[in-house]
Structures are given as structure tokens and as C-alpha cells.
Amino acid sequence: MTTPILGFSKLSKQEKIEWVSQHYTNNPSEAKKILERYWNSENDVQKLHDEFIENTITNYYLPLGIAPNFLINDKMYAIPMAIEESSVVAAASKSAKFWLDRGGFKTKVLGTEKVGQVHFIYSGDFAKLEKFFFTVHSKLLEDAKSLIKNMKKRGGGVSKIELRNKSEELHGYYQLHCTFETLDAMGANFINSCLEQFAKTFKQEAQDFHLFDSKEKNIEIVMSILSNYVPNCLVKAEVSCAINELNIDTSTAPLEFANKLLRAIDIANIEPHRAVTHNKGIMNGIDAVILATGNDFRAIEAGVHAYASKDGQYKSLTHASIEDDLFRFWIEIPLALGTVGGLTNLHPLVKLALEILQKPTAKELMQIVAVAGLAQNFAALSSLITTGIQEGHMKMHLLNILNQLGATDKEKVEAVHYFKTHTVSHSAVVEALEKLRAN
Ligand code: MEV
């Protein structure tokens, strides 16, 4: 067993690479070569990346692709997507083009409320705690004034602080449940700083509250942290068209297509195994834009999946209806995003991605991201209920298989041509390549 290392973070980058290659790889010199190959040759870019996190040894690349032709509220967008899965950008582009010819996507932000909580334990009379809360409320805001000042100037700040009694679910547990407006910032640091200040004031003031006895004075702050569950930071994106315009696939009539798509959503609504995969497909689109624009995809993932379970069962995030002759397909999801602060001012590719998106506000980005999710789900369902997913998926995966098999550029061109009219599978590609090489 390798002996633990102390002070790893104090080592130089070279020393870290040396240590990890020596102790944890089979071929240290090869490992070092791979790590170095991914360094950026421009020192300032590399330094920037080195400083994003602790113990950086190299960069981890993902492809950045563009899905063009998105018409959103009558404005054209080309959407940058950072993702490794081969079919995602192609699927988004296909949906974008399909809906471009049918009026495009319509979107609306339904709310922008962010949430944070101070979790605390109080042993005593709730009526007294409530009295204390009303007494201390203005002091909470007063003490956090310097933190809130700038956000307030721009029109945001703390929207509400509520006292919530959770003691029936967990003995002695209460919260300050706080809501915020953070405008174009995701606001994590702002929210957490405010919460920590609220907690400090709350605890301090409790010690002097005249109605509390000595036990009640002793409020225990457990933690102060934002919540990634933001059901009121909500956006809706929708497409609609006459049923006869759903001429996706020559072998599926438009009405049959519409009915099957509704069925697919019905299934996801009652069957969590399917709903998770259904929503995973949506997140293919969402995460790719979130990553490209420097937002926190773990926060978004956590919040979105919690929202999918808001009715007590994990369900589809998309919905569809047929009313008379009209097919409607929409998504409603919580997205707490930022277009200022964090990586958005630092990472050159993030800055460029935001420029490509025409420098959106956080509200605009919410709408673009929701559209990317809806488009992705439309593409996935369209394939699933017609040809099946593998046809398109494997076509997109063809180059990966060819690369795995070490195909030359010439072989790749010939194989791509051949598979225009043949079904792609791993064994079929191996066979085709063997044949090419035998000639
Ligand atoms: C694959 O990454 C995503 C799909 O499985 C989504 C779905 O099944 O709806 C195709």
C-alpha cells in the first residue's frame, strides 16, 4: 500500500506529477507525457486553469460544439455546448432546425427566487421564539447591510426572512428560511455570506432576549447554506404546431407520432425507471450549455431532479398535449444561473460562449438552457418512438469506434461513406475495417 502523503498541496506541479505517476501509474514516463500533452502552451491560460482548483496537474478537455438555428422568442441563437456524448449536439441541432420551420421556441421566466437557510436547534417555547424572531428581524438585515448594499443598489437583495418550525419532524429543529433576488449572479457567495451573518446576529441577540430563559438563550446554529432546490426560480419553454406538421418520419403518420410522444411522457410520469432516463436525456442538453457557460452543473442537476419529484413521485420534466389540431410540447424547470461572477469573468471560453449567446442576462440564459433541454428531449423521443435510438446514436458514435480501432484518415472517410447505407455496430465496424485493410 502507498504510504499517505502529507503536504501534497505544497509540492510544485512537477513534484505532484512525479509523485502520482510514480505511485499510481504503471508507466510513469508515459503518464507524465499524457499529462503534459494537455497543458496549454500559453502560460497565462495555463496559470488561470492551475488556479481554478487545488493540486492541478493538467487540463481535462471536453469538446465544445455549436448547435445552430435555435429560434427563441423570434431571436436566432447558436448554442455552445460542452459535452463528450457524440449524439447530443447533432440531436439539438436537428430539433432546432425542425422547430425553426414551425415558429421556433417560446419561453417565459416564471420566477427568479433563490433560497438559503439557517438551520438551528432551539429548546423551548415556540411562541417565545416567534416573538424573538419578530424583534430581531430588522437587526438581521441591519447587520448584513454592508453585504447587501451592492446587490440592493442593482435592484436585488434579501426578499424575505421567515421563521419555520420543523420541530415536529425533528426535535428542536427550526430554520430561518430566506429568499433572495440575485439578478444576473448565481449568487452563491452573496447568499452564503448573508446567511452566515444572519446566523451570527440571531445567536448573539438571543443571549440578551428578555423573554428567554437560560436554556432558550442557547440557540445552536447547525449550519447556514443556500439551497439548490429553487422551485420558484422557474422557466418554461414551449413549442407547438399543427399536428400535420409533425412529419418527422415517413413511416410514422403525424397523428400517430403525436400520440406516441404523449404516451412516452405518460409512461415517464408513472414509471420512475423510464422517467430517470427521460430526464437524463433532457440534462444532456442542459448540462452541456451549463458547462459551456461556466455554471454549476451539479447544483442544476440536484435542483432539477428534486423538482421532478415535487409531487411525491419522480416524473417527466416535459409535458405534451393535443388540443383539437394543436400539438404542444413544453418543459418547466428550476434553473438558478448566473451570467456574471464566478467562472463567467475568468474562463476565456466561458466568456466567448456568453458572447456567442449575445451576452444574455441570467433570465435570458435560463430560457436558452430550458430550450436546449426541451430540444434534446424532443430529439430523443422522436428517435425512440420511430426508428429507435441506436440508428442515429451509432452513426454519431462511428468515429469514436474508428478511432478506438486506430483507423487512418483515409480509412475513416471510406468507412463513413460505407456506413451511410449500412447499420453501425461495433462488430460491423471491425468487419468493415478488416475488409478495407485487406484490399
Ligand atoms: C442518452 O444519453 C439519452 C436517452 O437515453 C434519453 C431518453 O431515453 O429519452 C436517449
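Located above this text is the structure these notes cover.
My aim in this report is to walk through the structure given alongside it, one point at a time. Small disclaimer: the values here were computed from a predicted structure and weren't measured. (Residues numbered from 1 in each chain as written. Predicted model: local features only at pLDDT ≥ 70, side-chain atom pairs only at ≥ 80, totals over all residues. Heavy atoms only, no water.)

### Concerning the overall build of the protein
Helices and strands together make up the secondary structure of the protein, namely 16 helices and ten strands. Each principal axis of the C-alpha distribution contributes one length, and for the protein these read about 90 × 70 × 40 Å. In the protein, which comprises 439 residues, the share counted as buried stands at 44%. Within the protein, contacts between residues at least 6 apart in sequence are counted, and of these 71% link residues at least 24 apart. About 23000 Å² of surface is accessible on the protein, with carbon and sulfur atoms providing 54% of the total. Side-chain charges of the protein comprise 47 positive and 51 negative groups, with the mean position of each set lying 3 Å from the other. (Helix = DSSP H or I, 4+ residues; strand = E, 2+ residues; numbered from the N terminus. Buried < 20%, exposed > 50% of the residue type's maximum accessible area, 1.4 Å probe, protein only. Contact = heavy atoms within 4.5 Å. Areas by Shrake-Rupley, 256 points an atom, 1.4 Å probe, with all protein chains shown as cover. Lys, Arg positive; Asp, Glu negative; His and termini not counted. Charge placed at Lys NZ, Arg CZ, Asp CG, Glu CD.)

### What about the sheet that holds strand β6 (residues 173-181)?
The four strands are arranged β5-β6-β4-β7 in an open sheet whose pairing can be described as antiparallel. Looking along the sheet, the strands with just one partner apiece sit at the ends: β5 (157-165) and β7 (220-227). The mean inter-strand angle of the sheet, taken between neighbouring strand axes irrespective of direction, is 15 degrees. As judged from the eight bridges shared by β5 and β6, these two strands associate in the antiparallel manner. Within β6, the residue paired with Asn165 across the bridge is Tyr174. In this fold helix α5 (residues 126-143) packs onto β4 (114-121), β5 and β6, with an angle of close to 170 degrees to the strand it touches most, β5. Those strands touched by helix α7 (residues 188-206) are β4, β5, β6 and β7, and its axis lies near 160 degrees from that of β7. (Pairing = 2+ DSSP bridges. Axes fitted to C-alpha atoms, helices over the stretch in contact; angles between N-to-C directions.)

### A look at the sheet that holds strand β10 (residues 326-334)
The strand order across the open sheet formed by four strands is β3-β8-β10-β9, and the pairing between neighbours is antiparallel. Each of the sheet's edge strands pairs with one partner strand only, and the pair in question is β3 (106-109) and β9 (318-323). On average, each strand axis in the sheet is tilted by 20 degrees relative to the strand beside it, whichever way the strands run. Contacts between helix α9 (residues 254-270) and the sheet are confined to β9 and β10, with β9 contributing the most and set at about 140 degrees to the helix.

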